[in-house]
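Spelled out, the chains give:
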Amino acid sequence: MATQKPGEWVQSLIGRFDAQLPIKTGLHTTQAIQNVEQNKECLINVSRYKFREVINGLTKTLQSVSNTRIFGQEAERNYYESQLIILDTLVKVLNSQPKDTSRLDEAIYVKLLLPEICKFLNLQSDTPYVLQLKSLASKVLFALSLNAFNAVFSRISARLMTLSTCSEDQSDLSDLELIQHLNVDVTRLTKLLSDVVSKFRLLRSKQVISALAHNLEKAIWNWMDNYPEEFTDLQKQPNEELQDCCDKLFEQYLSYMENSTKRKASVWPFQMMLLILCPKILEEINNADGGAPCSPQHLKKKHFIDDVKKTIANHHSCHKSLAEGAAVTCVRLCKASTYISIHDRLNVLFSLVQSVITDLKSLLFNPPPNSKTFSRGQSIVGQDLDLYIDCFVSCFRITPHNNDVLKVCLNIVHSPPIYHFVLVNALHRIITQRRLAWWPNISIIYGKAAELRNMFTDTLNKVTQGMASHTSTKSTGVGGLSSSLTRMTISKLTKATDETMTTYRYLLLWIVRLIHADPNLMLHNQGKPGHEIQSSTLELINGLVSLVHQQWMPEDVAQEAMEALLCLHQPVNIELWNPEAPINTFWDVNSQVLFSISQKLIQHQIINYTEILKWLQEILVCRNSFLQKHSANANVGSNIPVCKQAHIKLEVVFFMYLWSIDIDAVLTAMSCFRLLCEEAEIRCGADEMAVTQLLPNYNVYSELAAAATVLTTGRAALQKRIMALLRKIDQSTPGTSQAWDDTFRNWGVVTSYLEAYPKDHKVKIEDNAAALGDAIRLKRKPPHHANTEHELEDQLNEWANMTGFLCALGGVRLQSKVHRLSSQSLSGLDTRKSSLMQSCATTDSQYCPVTQFISNLLKLLVCQNEKFGAQIQKHVKELVGHELNSALYPILFDQIKICVDKYFDPSGQVIVTDLSTQFIENVIFIMKNILEMKPDQPCEHLGVASIEQLMLAVVRYVRHLDSTVHAIQIKIKLCQLVEAMMLRRDDLTFRQEMKFRNKLVEYLTDWIMGNSHQVNIQGDICSMSRYVSYSNVLLWLS
């Protein structure tokens, strides 16, 4: 098909890509994300051969999504994420193409793709999604301009021509914005500047001229960032054509800024960049300061340089706008000088930098006492921060060992938060920006690790305390204050506090990103003793852990903290936690991390629990990699209490999320059991122990992990497989017991909620708010918000998962209650059954949660809730009948007997009610399934407790039913139960077998003959029931 009709094949691929976007599926599961990524990779590969068709298809898909009408928050999220996916695919498709394109391809760009991209670049909002869209659109245009520069250039040139005839108010500057996103080499830059020079004299609008300077300056920086070698060569061998363009444009802007201080300050930075591209002219101007002659055509340029130097030197006394313009200009000069090799120190740029850098640092980083830091206004605070960061980075690269700016920014007590923010962002840029060969390495800063850790701790404490006090203020309000002045004062203080807290939250976010970018900046501890190193590492990591599970913490901070912790857990970084004792420190620190996160997951205090589980899985992978690296002494230091507790908590987490409604969480939890097994293998290999000494249920855990890789046909099938494996667990551990107990507590609260729904559920929630939140906070919405049918269905299904979990794992929970009894007290039974009865005997002496669970389950067999009653009954009887651990059979039979006995009065007469009959029918179903089931466990549990009295009581009750169709059906089912019991009689225990058989025959014969408790039975129903019943009696007597 691909060879015969390639166009149709590409369209099919585009259609599949479109159909699996979030806006179409609404899914954000791991599988959905994987599907989208696979489609994306296919399109990228196909585009190498069918580029035009792929670009055309993606553009139309983008248009279709952009024109979609959306309603609601979830739809908006899907809308934006679909656009992000398409734009990211376009970036990768364009970057995978050769640079030469045909005219037809360029036509497609101009007519279809370019207009769509421009729409994103012109979006006005600054929400996180919009900022991501703008960033990706910029990357698309950057890649587009590499392949089709002429198409984009023509649009810009045409717009310039149009703007030459427009008045100030009619100027549309959107196409001029394209300039700053272009991929230009020196040839294209020259072409662009030449075109601007030719049209400049026609431009009338000052707004257009100002915008043009701003965008052209960004284009120059794009060139320097992407083609730094061309800039370096330019300084050695000037480009005459480029110099001519820059020279003319400089002169043109001189005329533009005449008689306006504000315009002069706004274009100074651009003019400086133009001169930097003219090294011959700049050298002549610089030499003139030493007495050399300066040609008349360059005198104005010399006066420009002198004005900048004079203004930055007298920044405290000169015009504010000029001082600001000079600051920006000098920062640009310093930054440009870093693109020249340090081996070329004779370059004129270095001389100019030395003449301004001291005054520049004084203006930005050393303001006079009691004066504010440099700022050009709140509206451009982001640009000011970029200016500070550029200055810091430039100073570091020009004089890496001069620490005066670094000291100011590290001062936690006296320096304002903006300096801390600048420091962290600057260091992050130094680490992540593509390095030129002569740029100093970040390792120079490693010696300041202690100060950086202190900054992290201080910022974390301020954010934590600030959020706590902010929440407290909101809850108390200002109800007792009547004065409007007081209210206004509090409002202003609250606003100021909010702004301060926002500053510290952003600072915290970037500190965490810095940790992720280079852990050495926080882990370096040259010359300190081991215990101090371990203490500082623990404080750092515990701080990051607190960011992961704090409910009030912004999502981006929590996500970055997870990435930072994962980075710190890479084996090479674990070695830095304490080089003197890496193994011991690892067990201590890592165990505290696992314990803390596990505890929050167990308590369901983390909303994005699936993501946290996947992250925890990656942490365990790193943990095992480190242990494998040190396998010879992997157990050294592992006997501390927190290590054992962490292991218990991990087991509890993985067990409890087996019953989650989120299938991704279930599969992740199952996979994590494999990592527990791997750890046990590594540690046991070191000390030559049996793996089951560390992990008693090793074999079942391995099976659970393997089951996660098998394709399933849905949640129900997966849960059935899990329950079958849970029944195979035969060793009780603290982890399995706690998992059962915590699930039972959650199950009890959810059961109460479902039973009461919707009657008085608001009251119930208020009365049990803590328990309910603890039980169901794992869901994205708590149950009192579960107001849609889908959410209610999820709630019920998760409850059913919990029920099955408790049934299947109840056997090991029962083991933890075992108290050995003397064999004499159990005489009369063989040793096998005696040992089994011991596990059940404790229920008489003390409270047993398993018994309570079975008792509660049986009550639900007659649940009468209008909405959920029938479903609850169905779930209970099927789960108890099919999934109950055989070790619980004795308790089940005892509890059923207790319930059935209540249907007889003190004189032994049957009390027939509809509820009682319903219970008896469900009990018959359960017992029949248990007796007919092919055992996956030893069947000796059936014989622990005698079911003689229970069976007789059930038969007595049923024989008193009338002769309705329903009653006859119950009697038939009872006969089938008797038949099943007879077939399993070798596995059952009868204390008085002959008496029991005779009594049962008497009741059944009496029923079959219709001599008592019967009315006339007519037709086929009578014949059928009597035949079946009689057949069972004959079989039993045989």
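Owing to the predicted nature of the structure, the values given are computational and were not obtained by experimental measurement.

This part takes up the overall build of the protein chain. When you go through the protein chain residue by residue, the secondary structure sums to 46 helices and zero strands. Within the span of the protein chain, comprising 1038 residues, buried residues form 53% of the whole. Of all intrachain contacts in the protein chain linking residues separated by at least 6 positions in sequence, the fraction that spans at least 24 positions is 78%. Accessible area of the protein chain: about 46500 Å², with a carbon and sulfur share of 52%.

Turning to the packing of aromatic side chains, a few remarks are in order. Applying the stated criterion across every chain, the model contains 36 aromatic pairs. Relative to F304, the ring of W268 has its centre 6.1 Å away and its plane inclined at 80°; by these criteria the two rings are edge-to-face. With W268 in helix α13 (residues 261-276) and F304 in helix α15 (residues 299-313), the pair connects residues that are 36 residues apart, well separated along the chain. The pair W268 / F304 is uniform in exposure class, with both members buried. Relative to F853, the ring of W740 has its centre 5.8 Å away and its plane inclined at 90°; by these criteria the two rings are edge-to-face. A residue pair is termed long-range when its members are at least 10 positions apart, and W740 in helix α34 (residues 734-756) and F853 in helix α39 (residues 849-859) qualify at 113 residues. For F853, a relative accessible area of 0% gives the class buried. A network of ring pairs unites the aromatic residues W221, W223, F231, Y339 and W439 as a single cluster. Over the ring of W221 we find K335, and its NZ or CZ is 4.5 Å from the ring centre. Sitting over the face of the ring of W510, R513 holds its NZ or CZ atom 4.5 Å from the ring centroid.

In the contact formed by helix α25 (residues 555-568) and helix α28 (residues 609-629), the axes pass within 9 Å of each other and the chain directions differ by 15°. One finds that α25 runs roughly parallel with respect to α28. Relative to α28, α25 is oriented so that their crossing is left-handed. Residues M562, L565 and L566 of α25 form the contact with α28, whose own contacting residues are E611, I612, W615, E618, I619 and C622. Looking at the contact of α25 with α28 residue by residue, the classes come out as seven nonpolar, no polar and two charged.

The next thing to look at is the packing of α15 against helix α16 (residues 320-337). Packed helix pairs are specified by the crossing angle of their axes together with the interaxial distance, meaning the distance between the axes. Taken N-terminus to C-terminus, the directions of α15 and α16 make an angle of 110°; their axes are 9 Å apart at the nearest point. The orientation of α15 relative to α16 falls into the category roughly perpendicular. Across the interface between the two elements, F304, V308, T311 and I312 of α15 pack against L322, A323, A326, A327, T329 and C330 of α16. Grouping the amino acids of the contact of α15 with α16 by side-chain chemistry returns eight nonpolar, two polar and no charged.

About the criteria used
- Residue numbers restart at each chain and count upward from 1, following the sequence in its written direction.
- Per-residue local features of the predicted model are confined to residues with pLDDT of at least 70, and side-chain atom pairs are confined, for both listing and counting, to 80 or more; whole-chain, interface and lining totals are unaffected and use all residues.
- Hydrogen atoms and water are omitted, and side-chain values are computed over all heavy atoms in the structure.
- Only DSSP runs of H or I covering at least 4 residues are called helices, and only runs of E covering at least 2 are called strands; the numbering of each starts at the N terminus.
- Per-residue accessibility, obtained with a 1.4 Å probe over protein chains only, is compared with the maximum for each type, and a residue is labelled buried under 20%, exposed over 50%, and partly exposed between these values.
- A contact between two residues is defined here by any heavy atoms of the two lying within 4.5 Å.
- Method for areas: the Shrake-Rupley scheme with a 1.4 Å probe, in which residue coverage is limited to the protein chains shown.
- Working definition: rings of Phe, Tyr and Trp (its six-membered ring) pair if their centres are within 6.5 Å, and the pair is stacked with planes under 30 degrees apart, edge-to-face with planes over 60 apart, and tilted otherwise.
- Lysine NZ or arginine CZ positioned within 6 Å of the ring centre and within 35 degrees of the ring normal marks a charge as sitting over the ring.
- Only the stretch in contact is used when fitting a helix axis, every axis being a line fitted to C-alpha atoms; angles between N-to-C directions are given from 0 to 180 degrees.
- Note on terminology: angles under 35 degrees are roughly parallel, angles over 145 are roughly antiparallel, angles of 65 to 115 are roughly perpendicular, and the others are oblique.
- With the far helix as reference, a near helix turned anticlockwise by less than a right angle produces a left-handed crossing, and one turned clockwise produces a right-handed crossing.
- Basically, the charged four are Asp, Glu, Lys and Arg, the nonpolar ten are Ala, Val, Leu, Ile, Met, Phe, Trp, Tyr, Cys and Pro, and anything else, Gly included, counts as polar.

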